[in-house]
Amino acid sequence: MKRNNQKFAGLLAVVLGVTTTALADYPSTVSSLGPVGYWRLNETTQPAAADVAVNSGSLGDGAVAYYQGAASHPTTGVLNGRADTAAAFDASAGTFAFVPYNAALNPAGAFSAEAWLNPAVENAAGTLTCAISSGQFAAPRSGWLIYQSDTGWNLRMYNQNGTATSLSITGGGAPVPGAWHHLVVSFDGTNATLYVNGKSAATGTPTGTPNFVPGASGGFAIAGRADSSFFWNGSADEVAIYPKALSEAEVTAHYANATSAAPAATYQSLVLAAQPLAYYRLNEGTYTAPTTLPVAANTGSGGTSLNGSYNAGMKAGAPGPQPPIYSGFAAGNVGGGFNGSAGY
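Residues numbered from 1 in each chain as written. Predicted model: local features only at pLDDT ≥ 70, side-chain atom pairs only at ≥ 80, totals over all residues. Heavy atoms only, no water.

Asks: Explain the overall build of the protein residue by residue, including any values.
Replies: When you go through the protein residue by residue, the secondary structure sums to three helices and 22 strands. C-alpha atoms of the protein, sized along the principal axes, occupy 70 × 45 × 40 Å. In the protein, which comprises 344 residues, the proportion classed as buried is 49%. Of all intrachain contacts in the protein linking residues separated by at least 6 positions in sequence, the fraction that spans at least 24 positions is 68%. (Helix = DSSP H or I, 4+ residues; strand = E, 2+ residues; numbered from the N terminus. Buried < 20%, exposed > 50% of the residue type's maximum accessible area, 1.4 Å probe, protein only. Contact = heavy atoms within 4.5 Å.)

Right under this line is the structure:
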């Protein structure tokens, strides 16, 4: 499976060492080989939706986040006095929310990332857990991340120089378990500012040429590093990615709105006015996994005992190989669609 949002359509077969002459069409050719298992994946009954965090930003469904490892939602949200919920994550269980790689979510040059974070634990000296990240974290590293450390929130940026950072700044003081913290990374293409609770907590200029390389692969993750490591304990709310550097005035306004008991406007209206690429309110209700799944029929000699199933979150009826390029298939042939996330 590819780790991106592209659809992959195809046919699967297990054949036990026989040969034959190709027939007029592909399915007949495969069947003539006497396969034990042959899954055409041409069913069109759509399985139930996966456990996802809706994206209200401009990228829409192209950047939905998939809750991994039974993340807990709903839980108490950050917005003061309002009907708001959030999602809770458990590092020991490896729970996080993940967006498969989308180049549009990794703009070149200026960008901002915003999140409300409520850590569940105080990290021991030298311990890092990743609250939010976007990028490729094997060498050569690209993208950015924010670690929770014992002394503050640590912003790191990368420029494909092995595993070295082009910027590493820490600010905000030791994170307090049980308290909400407003974090914003604002990068204008030259300088980066880390805001904590509406105020500038650290600034720096990434070094090197180029000084920053946006995520070249990987994905975007909340409560973990995008390579499924450094999981974070706590609750997250109102996470957004912008294709521009948020101003200090915008950051301050967002913080003031969320903490006000009687704001003049809704919090989400301020976020949407800044035109985010992605905006995860993380206010989904309880997810109930489906008890039955559509069947992926086996037409091989192994019969129904080898039937598969379409799991929640994958797409039935995705475009498959079709004529005129693939003349051995029927017009309108379909397969299964996968996005590389959550093992679907």
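More follows now that the structure is in view.
Asks: Go over unusual backbone geometry with me, naming the residues and quoting the values.
Replies: Both trends apply: most residues other than glycine have a negative phi, and most peptide bonds are in trans. Looking along the chain, the bond that leaves His73 and enters Pro74 is cis, with omega of 5 degrees. Among the secondary structure elements, Pro74 is positioned in strand β5 (residues 72-76). Residue Pro210 is reached from Thr209 by a cis peptide bond, and omega for that bond is 0 degrees. Residue placement: Pro210 occurs in the loop between β15 (199-204) and β16 (219-222).

Asks: Tell me about the pattern of salt bridges, residues and numbers included.
Replies: Following the criterion strictly, the structure yields four salt bridges and no others. A salt bridge links Arg225 to Asp227; the shortest N-O distance between them is 2.8 Å. For Arg225, a relative accessible area of 7% gives the class buried. Assessed through its relative accessible area of 34%, Asp227 is described here as partly exposed. Between Arg281 and Glu238 there is a salt bridge whose closest N-O contact spans 3.0 Å. Remark: Glu238 occurs in strand β17 (residues 234-242) and Arg281 occurs in the loop between β18 (278-280) and β19 (295-296); sequence separation between them is 43 residues. For Glu238, a relative accessible area of 1% corresponds to the buried category. (Salt bridge = Lys/Arg side-chain N within 4 Å of Asp/Glu carboxyl O.)

Asks: Which residues make up the packing of aromatic side chains, and what are the values?
Replies: By the definition in use, this model includes 12 aromatic pairs. For the pair Phe111 and Phe187, a centre-to-centre distance of 6.0 Å together with 55 degrees between the ring planes defines the contact as tilted. Here Phe111, found in strand β8 (residues 111-119), pairs with Phe187, found in strand β13 (residues 181-187); they are 76 residues apart in sequence, far enough to count as distant. In this structure Phe111 comes out as buried when scored by relative accessible area, which is 3%. Taking relative accessible area as the criterion, Phe187 reaches 1% and is therefore assigned buried. Aromatic pair Phe137 and Tyr158: ring centres 6.0 Å apart, planes at 70 degrees, arrangement edge-to-face. Residue Phe137 is located in the loop between β9 (129-136) and β10 (142-148), and its partner Tyr158 is located in strand β11 (residues 153-159); the two are separated by 21 residues in the primary sequence. Comparing Phe137 with Tyr158 shows no difference in burial state: the two are buried. In textbook terms, an aromatic cluster arises when at least three aromatic residues are bridged by ring pairs, as seen for Phe111, Trp144, Phe187, Phe212, Phe220 and Tyr280. (Phe/Tyr/Trp six-rings, centres within 6.5 Å; stacked < 30°, edge-to-face > 60°.)

Asks: With reference to specific residues and values, describe the sheet that holds β11.
Replies: Taken in spatial order, the eight strands make up an open sheet running β3-β4-β7-β16-β9-β10-β11-β12, and their pairing is antiparallel. Of all the strands in the sheet, just β3 (52-53) and β12 (165-171) have a single pairing partner and so form its edges. Where strand β4 (residues 65-68) and strand β7 (residues 96-100) come together, three bridges link them in antiparallel fashion. Within β7, the position partnered with Tyr66 by the bridge is Phe98. (Pairing = 2+ DSSP bridges.)

Asks: Can you tell me about the environment of Gly300, naming the residues and giving the values?
Replies: Turning to its location among the elements, Gly300 is positioned in the loop between β19 and β20 (308-309). Between the C-alpha atom of Gly300 and that of Leu155, which follows or precedes it by 145 residues, the distance is 54 Å. In this structure Gly300 touches Pro35, Val36, Gly37 and Tyr38, once residues within four positions along its chain are discounted.

Asks: Go over helix α2 (residues 248-259), please, and point to the residues and values.
Replies: Within an α-helix, residues lying three or four positions from one another point in the same direction, as the helix has 3.6 residues per turn. Under the 1.5 Å per step criterion, the end-to-end length of α2 is 17 Å for 12 residues, consistent within 8% with the ideal 16 Å. Along α2, the residues classified as buried are Val251, His254, Asn257 and Ala258. Buried positions in α2, seen along its axis, are confined to an arc of 135 degrees and lie on one side of it. Its buried side turned inward, α2 meets β8, β13, β14 (192-196), β17 and α3 (267-273). (Expected span 1.5 Å × (residues − 1). Arc of directions from axis to C-beta.)

Asks: Describe in detail the nonpolar core, supporting the description with residues and values.
Replies: By size, the foremost hydrophobic cluster in this structure holds 53 residues, and its most contacted members are Trp144, Phe220 and Tyr280. Ignoring any residue separated from it by four or fewer positions in sequence, one finds Trp144 in contact with Phe111, Ala113, Ile132, Ser133, Ser134, Phe137, Arg156, Met157, Phe212, Phe220 and Ile241. By size, the runner-up hydrophobic cluster in this structure holds 14 residues, among which are Val78, Tyr242, Val271 and Ala274. (Core = buried A, V, L, I, M, F, W, Y, C linked by side-chain atoms within 4.5 Å.)

Asks: Run through the side chain of Asp84, naming residues and quoting values.
Replies: Topologically, Asp84 is positioned in the loop between β5 and β6 (85-89). On the basis of relative accessible area, Asp84 is assigned to the buried category, the value being 9%. Residue contacts for Asp84: discarding those within four places in its chain leaves Thr76, Gly77, Val78, Leu79, Asp237, Glu238 and Arg281.

Asks: Describe the environment of Thr29, naming the residues involved and giving the relevant values.
Replies: Along the chain, Thr29 turns up in helix α1 (residues 26-32). Residues Thr29 and Gly328 lie 299 residues apart in sequence; the distance between their C-alpha atoms is 9.2 Å. Within the structure, the side chain of Thr29 is placed 2.9 Å from the backbone oxygen of Asp25, a separation counted as a polar contact. (Polar contact = N/O pair within 3.5 Å; in protein donor to acceptor, adjacent residues only side chain to side chain.)

All quantities given are derived from atomic positions and should not be read as evidence of function.
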